[in-house]
Amino acid sequence: MENVQLNVNALRFLGLDQIEKAKSGHPGIVLGAAPMLYTLYTRHMRHNPKNPHYAGRDRFVLSAGHGSALLYAMLHLCGYNITKEDLKQFRSLASKTEGHPKLNVGLGIEASTGALGQGFANAVGMALASKHFATNFNTAEATLIDNYTYCLVGDGCLMEGIAYEAASLAGSLGLCKLIVLYDSNDMTIEGRTEITYKEDVAATYRGMHWNVLEVADGRCVESIDAAITLAKSGDTKPTLIIVKTKLGYGSPASDTPGAHGSPLGADGITDTRKYFKYSHPPFETPPQTATFFKQKMGEWAKWEEEHKRQVREYKRKQPELYDKYLAFFDSKKAVQKVMAESDFWADDGKPKASREYSGLVLNKLNKLLPNLIGGSADLGPSCKSYLSGAGDYHVNPVGKGKNIAFGIREHAKAAILNGLALYGGLNVFGSTFFVFSDYMKYAMRMSALMELPVMYVLTHDSIGVGEDGATHQPVEQLIGLRAIPNMHVWRPFSYKETAAAYISTIASKSPSSIVLSRQTIDNSEIGNSEFKVSNSEFRIQNSELLQENILKGGYVLYESEGFLQAQQPDNTTSNANNLSLTADRSSLIIIATGSEIPLAYEVAKKFEAQNAKVRLVSMPCVEVFEAQSAKYKESILPAGVRARVAVEAASSYSWHKYVGLDGLVIGIDSFGLSAPADKLFKVFGFSADSIFEKALKMYKAIIKQSK
């Protein structure tokens, strides 16, 4: 038999016990929002804690991630793999129960959250994914996809601009299986919300095409239950349930800012236990509560078995559709399919802007990968990111198409892409101008933290943007993105490098920032990247080897005859088998990326005219290059060659590691200007003559020192 009040109090105090033991955490949301989470998990969530990865499950996202102790307590009671000992390690080093939730579906945590509003947008992305699957796979005869996405938000989440962006799109697309519970306690760290937040939230969300329901007493499980039930009956709009609560309800700090982020202390905990008449020891679950949740575990297991029966029925009625559905989740096979497709790596050889190469690659992937989905922040035509023949997501029936029109909402777009990827089974991309990546930065960081292979297509890089001027010319963004752990930043110059950027992402657990030019990259002088390398074990002999080298992030694009010379190791007899290839100390290495590759090639030829031995290294992705073996990296950038120059029309900070103390970096460490791109490149010193003059001075100085 369900003892609602006892069970809710057990949830509250398991949360408080964690915070008190850690001497750190947020008790206010634990006390106020416990009835909401209890109602959701015990009466509405379709899930099975003993099989948390089950694809048919409902999703829950705690956008108000500071309430992590409440979530961990709930998952513990439900039977997920969070033990009492794990609760005791809350906020401790290497514990499962971190200060804010970190993605771990095996524990029941569907997303990493914390920065307010991100989880809201993640939930919108999950609901987008669910609708896409349902529209494409459900039929009149059989249903395969029918899950809900739930999200718990607070006042702070809804104040953030990302929430408005995400909510507006969700309402426009009618994501009716998205239900957001709003813990409305009218309190922030600095005081009551009326200081900064006087708007009529219900009217605002109704204006964004949401259903809005209100629960006057957030302590009442039956009222919350009724509201969620009513929300699930809607079929055209997402639902916001405004639940009025008190921050820190029942504690001495109730309804004050002090309840937000400070432990209650021993006396405060004692007083709170007295208020709720709760006498059970810390971290102990009342026997009646444990019995109740054991019964629920049985119900959840039965739900999964029933759903599996429905899936078997679907498979019987729709075998071809079911096989297609399974293929969405086989990423390894998808990568093999693309890699084996010769046309994927081939282009017409004509010079293009790398954004045009990207458009060609995306549309080839669209034909090879039925689960490719994405869109732009209202810049699809400029970013060349529209999937031809794939349909628009917003066109009736909503959800069927693969092109998502995000509107002018960069911040929400990036977090929604994370939600799409979190749902599973989709290859996800999103495009905008590179300079606007600043709007998306935190969500991109979360992609990297959660190991989500989201493809960020970022066009109009550097001063090549031209006449739009400094406001639209990204110069510092490359180094900013390269500084994010696990973010792969690709800046390709050719079709093959662009293709490698996409396939590398699909095959990895890392997001990518694929940075692309507005202007045409004239690579006609260097054979559209089909180069010959002399006297090298890394000789580029055919397309297959070229592709393999590009996928290593950095490779030899061109080198002078004799750059590598045969050398007899010490203490060996003269034998051809003992000879190794060693770079001449009087050689020069030029490293470049993207649109500066043809320029770097010109500089290399100028050095050759001076009888210098030159190697040109293309480094489309520093992060992937760094992941290679020490042997490979040494083979590309031999330590003995001190004369090095790096060329990239962006901040110089990325390259000092590779050129060393003696080398030279040709970059841009100031804002841009407004003028045609070709004039700007000359003004900022990106001409073959200018670079050669600076590099030659550096080269002569190093050669002189080495003699």
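Residues numbered from 1 in each chain as written. Predicted model: local features only at pLDDT ≥ 70, side-chain atom pairs only at ≥ 80, totals over all residues. Heavy atoms only, no water.

J.: I would appreciate a short explanation of helix H17 (residues 410-423) in the present structure.
T.: Owing to its 3.6 residues per turn, the α-helix brings residues three or four apart onto one side. Its 14 residues give H17 an end-to-end C-alpha distance of 20 Å, which sits within 8% of 20 Å, the value for a rise of 1.5 Å per residue. H17 sits mainly inside the fold: 13 of its 14 residues count as buried. Immediately beyond the C-terminal end of H17, within one or two residues, lies Gly 424, with a positive phi of roughly 100 degrees. (Helix = DSSP H or I, 4+ residues; strand = E, 2+ residues; numbered from the N terminus. Expected span 1.5 Å × (residues − 1). Buried < 20%, exposed > 50% of the residue type's maximum accessible area, 1.4 Å probe, protein only.)

J.: Please explain the environment of Ser 251 as it appears in this structure.
T.: Mapped onto the elements of the fold, Ser 251 is located in the loop between strand E7 (239-244) and helix H10 (265-276). In this structure, the C-alpha to C-alpha distance between Ser 251 and Ile 228, residues 23 residues apart in sequence, is 27 Å. Not counting the four nearest positions on each side in its chain, Ser 251 is found in contact with Leu 31, Leu 264 and Thr 272. (Contact = heavy atoms within 4.5 Å.)

J.: Any chance you could explain the sheet that holds strand E20 (residues 614-618) here in plain terms?
T.: Two strands in a sheet stick together by hydrogen bonds in their backbones, pointing the same way (parallel) or opposite ways (antiparallel). With respect to topology, 5 strands assemble into an open sheet ordered E16-E20-E19-E21-E22, the strand pairing being mixed. The sheet is open, and its two edges are formed by strand E16 (555-559) and strand E22 (664-666), each paired on a single side. Between one strand axis and the next, the sheet turns by 20 degrees as a mean value, whatever way the strands run. Contacts from helix H22 (residues 597-609) reach E16, strand E19 (588-592) and E20 within the one sheet, and its direction differs from that of E20 by about 170 degrees. Of the strands in this sheet, E19, strand E21 (644-647) and E22 are in contact with helix H27 (residues 688-706), which crosses E22 at around 170 degrees. (Pairing = 2+ DSSP bridges. Axes fitted to C-alpha atoms, helices over the stretch in contact; angles between N-to-C directions.)

J.: What exactly am I supposed to notice about the side chain of Asn 7 here?
T.: Inspection of the secondary structure assignment puts Asn 7 in helix H1 (residues 4-22). Within polar-contact distance, the side chain of Asn 7 engages the side chain of Tyr 38 at 3.0 Å. If we skip the residues at most four places from it in the chain, Asn 7 touches Glu 2, Tyr 38, Thr 289 and Phe 292. (Polar contact = N/O pair within 3.5 Å; in protein donor to acceptor, adjacent residues only side chain to side chain.)

J.: Can you walk me through unusual backbone geometry in this structure?
T.: Most peptide bonds take the trans form, and the phi angle of most residues other than glycine is negative. The omega angle of the peptide bond from Asn 396 to Pro 397 is 0 degrees, so this bond is cis rather than trans. Relative to the helices and strands, Pro 397 is located in the loop between helix H16 (380-383) and strand E10 (403-405). Of note, the phi angle at Asp 378 is positive, near 65 degrees, even though the residue is not glycine. Residue classification places Asp 378 among the exposed residues on the basis of a relative accessible area of 52%.

J.: Help me understand the packing of aromatic side chains in this model?
T.: Inspection of every chain in the model, using the stated rule, returns 35 aromatic pairs. Seen from their ring centres, Tyr 54 and Trp 303 are 5.8 Å apart, and the 85 degrees between their planes marks the pair as edge-to-face. In this pair, Tyr 54 sits in the loop between helix H2 (27-43) and strand E1 (59-62) while Trp 303 sits in helix H11 (residues 287-317), placing the two residues 249 residues apart along the sequence. The class of Tyr 54 is buried, set by a relative accessible area of 11%. What makes Trp 303 buried here is its relative accessible area of 18%. Positioned above the aromatic ring of Tyr 423, the side-chain terminus of Arg 59 is 4.2 Å from the ring centre. The ring centre of Tyr 148 lies 4.1 Å from the NZ or CZ of Lys 177, which sits over that ring. (Phe/Tyr/Trp six-rings, centres within 6.5 Å; stacked < 30°, edge-to-face > 60°. Lys NZ or Arg CZ within 6 Å of the ring centre and 35° of its normal.)

J.: I keep staring at the sheet that holds strand E13 (residues 488-490) and nothing clicks. Help me out?
T.: Spatially, 6 strands are ordered E10-E9-E11-E12-E14-E13 in an open sheet, and the strand pairing comes out parallel. Either end of the sheet is taken by a strand with one partner, and the two such strands are E10 and E13. When strand polarity is set aside, the average angle formed by the axes of neighbouring strands in this sheet is 20 degrees. Examined bridge by bridge, strand E12 (residues 455-459) and strand E14 (residues 512-515) share 4 bridges and lie parallel to one another. Bridging from a neighbouring strand, Leu 458 pairs with Val 515 of E14.

J.: Quick question: what am I supposed to make of the state of the cysteines here?
T.: In a disulfide, the sulfur atoms of two cysteines are held together by a covalent bond. Taken as a whole and assessed by the stated rule, the structure comprises 0 disulfides. The closest cysteine sulfur to the non-disulfide-bonded Cys 383 is located on Cys 621, 20 Å from its own sulfur. According to the relative accessible area criterion, Cys 621 is buried, its value standing at 0%. (Disulfide = S-S within 2.5 Å.)

J.: I would appreciate a short explanation of the pairing of E19 in the present structure.
T.: Two faces make up the sheet, and in a regular strand the side chains alternate between them. A large share of E19 lies buried, amounting to 5 of its 5 residues. The alternating pattern of E19 places Leu 588, Ile 590 and Ala 592 and Ile 589 and Ile 591 on opposite faces, both of which are buried. The pairing of E19 with E20 spans 5 bridges and is parallel. In the sheet register, Ala 592 faces E20, and the bridge partner there is Ser 618. In terms of handedness, the path from E19 via H22 over to E20 forms a crossover that is right-handed. For E19 and E21, the ladder comprises 4 bridges, and the chain directions are parallel. Residue pairing for E21: Ile 590 is matched across the bridge by Val 645. (Right-handed = clockwise from strand over helix to strand, strands pointing away.)

J.: What am I meant to see in the nonpolar core here?
T.: Phe 60, Phe 120, Tyr 205, Trp 210 and Ile 241 are the most contacted members of the largest nonpolar core, which totals 144 residues. Ranked by residue count, the leading element in this core is helix H5 (residues 118-137), at 11 residues. Once residues within four sequence positions are removed from consideration, Trp 210 is found in contact with Phe 120, Ala 167, Ala 170, Gly 171, Leu 178, Val 180, Tyr 205, Lys 237, Pro 238, Thr 239 and Leu 240. Leu 546, Leu 599, Ala 604 and Phe 607 belong to the second-largest nonpolar core, a separate cluster that totals 92 residues. (Core = buried A, V, L, I, M, F, W, Y, C linked by side-chain atoms within 4.5 Å.)

J.: I'm lost on the side chain of Gln 318 in this one. Help?
T.: Note that Gln 318 resides in the loop between H11 and helix H12 (319-327). Using a relative accessible area of 18% as the deciding quantity, one classes Gln 318 as buried. Looking at Gln 318, its side chain comes within polar contact range of the side chain of Thr 139, at 3.4 Å. If we skip the residues at most four places from it in the chain, Gln 318 touches Thr 139 and Glu 141.

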